[in-house]
Every structure is written in structure tokens, then in C-alpha cells.
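Overview (structure and organization)
Take a look at the letters that make up each chain.
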Amino acid sequence: MKVILYTTHCPKCTVLEKKLTSKNIPYEEVTDVDLMINKGFDAMPVLEVDDTIMDFKTANTWINEQ
């Protein structure tokens, strides 16, 4: 499973970072804003799990279910 967190370290981003860490889910952190814009992301955080893109609410639910 490949997990990528696109983050600007905003409060919502920090919530996902802490939850991923507390669940011992390894993840790659991407902070390159230009890359995020090129991917069409218009709000952060975004979690990508095995090529599935999730907004904050969906990502939060996914992490809680792990």
C-alpha cells in the first residue's frame, strides 16, 4: 500500500499527519504546491492511497477504519 499525504501543514493537514502516525501507517509527505496545483488539487490536505485520491473528510474516515 502506497500512501501519499499532500500537505501545506495547515490545521487539517496536521490532523491527518497525527492520525496516520498514531495508526502506524507509513506515508510519504509532499509539500510541493506547484505539483499539487498541476494535479488539480484546490484544497488541502489530499491523501492518495494506491492511486485513489481522497479529500479531508474521506481520508479521515479511511484512516479511522484502518
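Our subject is the structure listed above.
The structure contained in this document is the topic of the report that follows. As the structure is a prediction and not an experimental result, all values here were calculated from the model. (Residues numbered from 1 in each chain as written. Predicted model: local features only at pLDDT ≥ 70, side-chain atom pairs only at ≥ 80, totals over all residues. Heavy atoms only, no water.)

Considering the pairing of strand S1 (residues 3-6)
The line we're drawing: Residue burial is assigned from relative accessible area. The probe radius is 1.4 Å, only protein chains are included, and a residue is buried under 20% of its type maximum, exposed over 50%, and partly exposed in between. By the criteria applied, helices consist of DSSP H or I runs no shorter than four residues and strands consist of E runs no shorter than two, each listed in order from the N terminus. For two strands to pair, DSSP has to find at least two bridges joining them. Think of it like this: strands point away, you trace from the first strand over the helix to the second, and a clockwise trace means the crossover is right-handed.
The side-chain alternation of S1 yields two buried faces, one formed by Val3 and Leu5 and the other by Ile4 and Tyr6. With four bridges joining them, S1 and strand S3 (residues 46-49) adopt antiparallel strand pairing. In the sheet register, leucine 5 faces S3, and the bridge partner there is leucine 47. Note: S1 against strand S2 (residues 28-30), three bridges, orientation parallel. Bridge pairing in S2 places leucine 5 opposite glutamate 29. For the crossover that starts at S1, traverses helix H1 (residues 11-22) and ends in the parallel S2, the hand is right-handed.

Description of the packing of aromatic side chains
Short version of the rule: Pairs were defined over the aromatic rings of Phe, Tyr and Trp, the Trp ring being its six-membered one, requiring ring centres within 6.5 Å. Orientation was assigned from the angle between planes: stacked under 30 degrees, edge-to-face over 60, tilted for the rest.
For the coordinates displayed, the defined rule picks out one aromatic pair. Judged by centre distance (5.0 Å) and plane angle (70°), the rings of tyrosine 6 and phenylalanine 41 are edge-to-face. Linking tyrosine 6 in strand S1 with phenylalanine 41 in the loop between helix H2 (33-38) and S3, this pair joins segments that are 35 residues apart in sequence. The same class applies to tyrosine 6 and to phenylalanine 41, which are both buried.

A few points about the side chain of threonine 7
To be explicit about the condition: Under this definition, polar contacts are N or O atom pairs within 3.5 Å; protein pairs additionally need one hydrogen-donor-capable and one acceptor-capable atom, and for neighbouring residues in sequence, both atoms have to be side-chain atoms. Note on contacts: a residue pair qualifies if any of its non-hydrogen atoms lie within 4.5 Å across the two residues.
Along the chain, threonine 7 falls in the loop between S1 and H1. Separated by 2.8 Å, the side chain of threonine 7 and the backbone nitrogen of histidine 9 make a polar contact. Of the polar contacts made by the side chain of threonine 7, one reaches the side chain of glutamate 17; its length is 3.1 Å. Discounting residues that sit within four places of it in the chain, threonine 7 has contacts with Cys13, Glu17, Glu29, Val30, Thr31 and Met36.

Thoughts on the nonpolar core
Spelled out, the test is: As used here, the term nonpolar core means buried Ala, Val, Leu, Ile, Met, Phe, Trp, Tyr and Cys residues forming a set that is joined through side-chain atoms within 4.5 Å.
Ranked by size, the top nonpolar core spans 12 residues in total: Val3, Leu5, Leu16, Leu20, Ile25, Leu47, Val49, Met54, Phe56, Ala59, Trp62 and Ile63. Those elements giving two or more residues to this core turn out to be S1, H1, S3 and helix H3 (56-65). At four residues, H3 tops the list of elements feeding residues into this core. If we ignore the near neighbours within four places in the chain, the residues touching leucine 5 are Cys13, Leu16, Glu17, Leu20, Tyr27, Glu28, Glu29, Val30, Pro45, Val46 and Leu47. With eight residues, the next largest nonpolar core counts Cys13, Val30, Phe41 and Val46 among its residues.

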